[in-house]
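Structure assessment
Residues per chain, in single letters:
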Amino acid sequence: MGSEATEQSSERSQWVLNSPNPPPLTKKLFGPLKNSNNFFFSSSSSKKETRSGRAVSFLASLFPILSWFRTYSATKFKDDLLSGLTLASLSIPQSIGYANLAKLDPQYGMYTSVIPPVIYSLMGSSREIAIGPVAVVSMLLSSLVPKVVDPDAHPNDYRNLVFTITLFAGIFQTAFGVLRLGFLVDFLSHAALVGFMAGAAIVIGLQQLKGLLGLTHFTTKTDAVAVLKSVYASLHQQITSSEKWSPLNFVIGCSFLIFLLTARFIGRRNKKLFWLPAIAPLLSVILSTLIVFLSKADKHGVNIIKHVQGGLNPSSVHKLQLKGPHVGQAAKIGLISAIIALTEAIAVGRSFANIKGYHLDGNKEMLAMGCMNIAGSLTSCYVSTGSFSRTAVNFSAGCQTAVSNIVMAVTVLLCLEFFTRLLYYTPMAILASIILSALPGLIDIGEAYHIWKVDKFDFLACLGAFFGVLFVSVEIGLLIAVSISFAKILLQSIRPGVEILGRIPTTEAYCDVIQYPMAITIPGILVIRISSGSLCFANAGFVRERILKWVEDEEQDNIEEAAKGRLQAIIIDMTDLTNVDTSGILALEELHKRLLSLGVELAMVNPRWVVIHKLKVANFVDKIGKERVFLTVAEAVDACLSSRFVNTA
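For the structure given in this document, a descriptive report is provided here. (Residues numbered from 1 in each chain as written. Predicted model: local features only at pLDDT ≥ 70, side-chain atom pairs only at ≥ 80, totals over all residues. Heavy atoms only, no water.)

1. Remarks on the overall build of the protein chain
A count of helices and strands for the protein chain gives 28 helices and 10 strands. Residues counted as buried form 50% of the 649 residues belonging to the protein chain. Contacts spanning at least 24 positions in sequence make up 79% of the contacts within the protein chain whose residues lie at least 6 apart. If you average the places of the 56 positive and of the 45 negative side-chain charges in the protein chain, the two averages end up 11 Å apart. (Helix = DSSP H or I, 4+ residues; strand = E, 2+ residues; numbered from the N terminus. Buried < 20%, exposed > 50% of the residue type's maximum accessible area, 1.4 Å probe, protein only. Contact = heavy atoms within 4.5 Å. Lys, Arg positive; Asp, Glu negative; His and termini not counted. Charge placed at Lys NZ, Arg CZ, Asp CG, Glu CD.)

Now the structure itself:
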């Protein structure tokens, strides 16, 4: 019976030693490019499929609307129509406000709510996400672009640079999708995004003090200290100088802000009244415009929007600045905008897709976002993405498909064609109020507390992003958050888990003796697990020294004991190890030599195929002996106890 078990164990060891070679480096590097065919063609497609069939498959993958529109019904359209109209009532005033936040004329915000939503409806896979300008991206542009071109001194150059940035953002997003580089977006972790959004919300709120207070002189900086200083200096200057300051801006702004927040509160408390916070911004614009028009408040110091250019989106192809000194800066800002926009959109889309119970393909979403921003850059739009507040309204209104975005876009277009002249007397303070009322949704204190409870290092990244954006700048906030996240990964790499294992009673499982105090260690045998994805130059020395320290401690503890209690073997469980480099192999060789000098044998358990391939190529397997490679820890321990490999030394 024992002989049969030994033969079976040897056979299983051969499975490990004779595992297939891993894929070559070229396949790892260029695999995503070769697999891009699966991005457009279904993996289930027959190889014998006709050329026309492949074309249909390509179009259906590129334009998901072709798949679901076949089963589209009048009932679904009724729901989408209601959702789209509700969405438009919120989108029109928010678009104007966000354009003002981005230091652009009002019509550009409305343009951004026409073309990009239509493109996304054709190419996107989310049924609920609402596309258009958002507060965070608008603030990002208003903080980065003025460092390149002054929007007050050169408004046309500023606008053209924003269009160019939008083009670059779309190109980057498209590349991320086609090349399956979505993991780049994950460098901005969830914790960092929570902190970034909260910091950005406060910065955006402080910037709205300009419109809320009716200030004419204001700083271009975005940090909280500079904005507060600017508010104080501007107020003091306008009050003490001959320049007249009117408190009516503040009265109008605060009055409607209270109305908007009240509507938001009622809508959150009573889900049946979801339409109230959705229609409240448009109602505020209409009422405030009527009040200013009838009372002639603009003659008494109330700042108004004045002219809003109407009509269909004009072409901006000739306005793109693809030559000149600012192309590099435009590409850099475009990359930052692309990542922020994608992170927000995919987070929003996936959260609502999970509620509805369907899967959202991140790479296809990136392609759709990229194409809509490329098209937007050619039609006088700036960077657009998915809005959480408008998506929540769209979801609550009962949208069924992306047709709600098309309905919203058509409604905004009709407004551009026929009603822009009615916006002439709209007070600037109401735009500030609309933006301020949307900011509480960006600050998630509950989620920040949850991050604190679960992972303190993640909370540090959250705080870094928050304080960096709030007190320095957007770029510094992002840099701090990403740096802390990388530092976390680096620490985990250079200080991997190296654990002593023991057998759980009545089982063949070997687990960490610290986590499972009931685990039983085997006298004379030290079972160690390397809990790291890679044994590399960053951590090989640490792992080697940790194991040798345990060996020395074990020898010291057993120095007065009988020979049978002496440490005889080290068994390394490599199940968690997915890769090893030359530094890792060198560390194993040095460990093996040191153990041999102490009379201790070395065995390996279940090295993954990449690891065993490299160890065989480096002749390390021959050095320790093929009989010292096992499939399970239990087999290695049994072999050691039966002296099958200890006695071969």
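We are not done yet, so read on.
2. Regarding the packing of aromatic side chains
Applying the stated criterion to the full structure yields 13 aromatic pairs. Ring plane angle 45° and centroid distance 5.9 Å describe the contact between Phe352 and Phe388, whose orientation is recorded as tilted. Pair noted here: Phe352 is in helix H16 (residues 327–356) and Phe388 is in helix H18 (residues 388–396), with a separation of 36 residues, a long-range link. By relative accessible area, Phe388 is classed as partly exposed at 43%. Ring pairs connect the aromatic residues Trp68, Phe69 and Tyr72, which therefore count as one cluster. Against the face of Tyr358 rests Arg127, its NZ or CZ located 4.0 Å from the ring centre. The ring of Phe293 has Lys296 lying over it, and the distance from NZ or CZ to the ring centre is 5.2 Å. (Phe/Tyr/Trp six-rings, centres within 6.5 Å; stacked < 30°, edge-to-face > 60°. Lys NZ or Arg CZ within 6 Å of the ring centre and 35° of its normal.)

3. A word on the pattern of salt bridges
Enumeration according to the criterion identifies 11 salt bridges in this entry. The shortest N-O distance in the salt bridge between Lys549 and Asp553 comes to 3.2 Å. Of this pair, Lys549 and Asp553 both sit in helix H24 (residues 540–557), separated by four residues, roughly a single helical turn. Lys549 sits in the partly exposed class, given a relative accessible area of 44%. (Salt bridge = Lys/Arg side-chain N within 4 Å of Asp/Glu carboxyl O.)

4. Side note on the environment of Asp455
Here Asp455 lies in the loop between helix H21 (445–454) and helix H22 (456–471). The spatial distance from the C-alpha of Asp455 to the C-alpha of Asp80 is 41 Å, given a sequence separation of 375 residues. For Asp455, the side chain forms a polar contact with the main-chain nitrogen of Phe457, separated by 2.9 Å. (Polar contact = N/O pair within 3.5 Å; in protein donor to acceptor, adjacent residues only side chain to side chain.)

5. Focus: the sheet that holds strand E4 (residues 510–512)
Pairing is mixed across the open sheet formed by six strands, whose spatial order is E4-E3-E5-E7-E9-E10. The sheet is open, and its two borders are formed by E4 and strand E10 (629–630), each paired with just one other strand. In this fold helix H28 (residues 633–641) packs onto E4, strand E5 (525–531), strand E7 (569–573), strand E9 (601–605) and E10, with an angle of close to 155° to the strand it touches most, E5. (Pairing = 2+ DSSP bridges. Axes fitted to C-alpha atoms, helices over the stretch in contact; angles between N-to-C directions.)

6. Description of the pairing of E7
Across a regular strand the side chains alternate sides, sitting on one face of the sheet and then on the other. The buried fraction of E7 is high, at five of five residues. Burial along E7 is two-sided: Ala569, Ile571 and Asp573 facing one way and Ile570 and Ile572 facing the other are all buried. Of the pairings in the sheet, the one linking E7 to E9 comprises five bridges and is parallel in character. In the strand pairing of E9, Ala569 is matched with Glu601.

7. Comments concerning the side chain of Ser142
Inspection of the secondary structure puts Ser142 in helix H9 (residues 135–144). By relative accessible area, Ser142 is classed as buried at 1%. A distance of 3.4 Å separates a polar atom in the side chain of Ser142 from the backbone oxygen of Leu101. At 2.9 Å, the side chain of Ser142 and the backbone oxygen of Met139 are in polar contact. Apart from the residues lying within four places of it in its own chain, the contact partners of Ser142 are Leu101, Ala102, Lys103, Tyr158 and Gln207.

8. A word on the packing of helix H6 (residues 74–101) against helix H15 (residues 275–295)
Where H6 meets H15, the closest approach of the two axes is 8 Å, and the angle between their N-to-C directions is 45°. On the basis of their axis angle, the class for H6 and H15 is oblique. Once H6 is placed against H15, the crossing between them reads as left-handed. Across from Thr86, Ser89, Leu90 and Pro93 in H6, the residues of H15 making contact are Pro277, Ala278, Ile279, Pro281, Leu282 and Val285. Looking at side-chain class alone, the contact of H6 with H15 contains eight nonpolar, two polar and no charged residues. (Parallel < 35°, antiparallel > 145°, perpendicular 65-115°, else oblique. Left-handed = near helix turned anticlockwise from the far one by under 90°. Nonpolar A, V, L, I, M, F, W, Y, C, P; charged D, E, K, R; others polar.)

9. Some remarks on a nonpolar patch on the surface
A grouping of Val225, Phe467, Phe471, Val472, Ile476, Leu479 and Ile480 is seen on the molecular surface, where their side chains present a nonpolar patch of about 570 Å² in accessible area. Residue assignment for the nonpolar patch shows that the elements contributing at least two residues are H22 and helix H23 (474–494). If one sorts the elements of the nonpolar patch by residue count, H23 sits on top with three residues. (Patch = residues over 30% accessible without salt bridge, like charges linked within 9 Å, V, L, I, M, F, W, Y side chains within 5 Å. Areas by Shrake-Rupley, 256 points an atom, 1.4 Å probe, with all protein chains shown as cover.)

10. Quick look at the nonpolar core
In terms of nonpolar packing, the biggest core is built from 92 residues, with Leu141, Val145, Phe196 and Ile340 touching the most fellow members. A total of 10 residues in this core trace back to one element, the largest contributor, which is helix H11 (residues 190–207). Residues within four places of Phe196 in sequence aside, it is in contact with Val136, Ile340, Ala465, Phe466, Val469, Val474 and Leu478. One finds Leu526, Leu577, Ile585 and Val600 within the second-largest nonpolar core, a separate group that totals 35 residues. (Core = buried A, V, L, I, M, F, W, Y, C linked by side-chain atoms within 4.5 Å.)

11. Some remarks on the pairing of E9
The element E9 is extensively covered by neighbouring structure, given that five of its five residues are classed as buried. Alternating residues of E9 divide into Glu601, Ala603 and Val605 and Leu602 and Met604, and every residue in both groups is buried. Where E9 lies against E10, two bridges are found, and the strand directions are parallel. Residue pairing in the sheet places Val605 in a bridge with Phe630 of E10.

12. Focus: H23
Taking 1.5 Å per residue as the helical rise, H23 with its 21 residues ought to reach 30 Å, and the 30 Å between its terminal C-alpha atoms agrees with that figure. Those residues of H23 lying buried are Val474, Gly477, Leu478, Ala481, Ile484, Ser485 and Lys488. Here the buried residues of H23 occupy an arc of 130° about the axis, which is enough to place them on one side. Elements in contact with the buried residues of H23: H9, H11, H16 and H22. (Expected span 1.5 Å × (residues − 1). Arc of directions from axis to C-beta.)

13. Structural notes on unusual backbone geometry
In this structure, Lys296 takes a positive phi of about 55° despite not being glycine. As for its placement among the helices and strands, Lys296 is situated in the loop between H15 and H16. Exposure remark for Lys296: the relative accessible area of 41% places this residue in the partly exposed category. The phi angle at Ser380 is positive, at roughly 65°, despite the residue not being glycine. In this fold, Ser380 is placed in the loop between helix H17 (362–377) and strand E2 (385–387). By relative accessible area, Ser380 is classed as buried at 0%.

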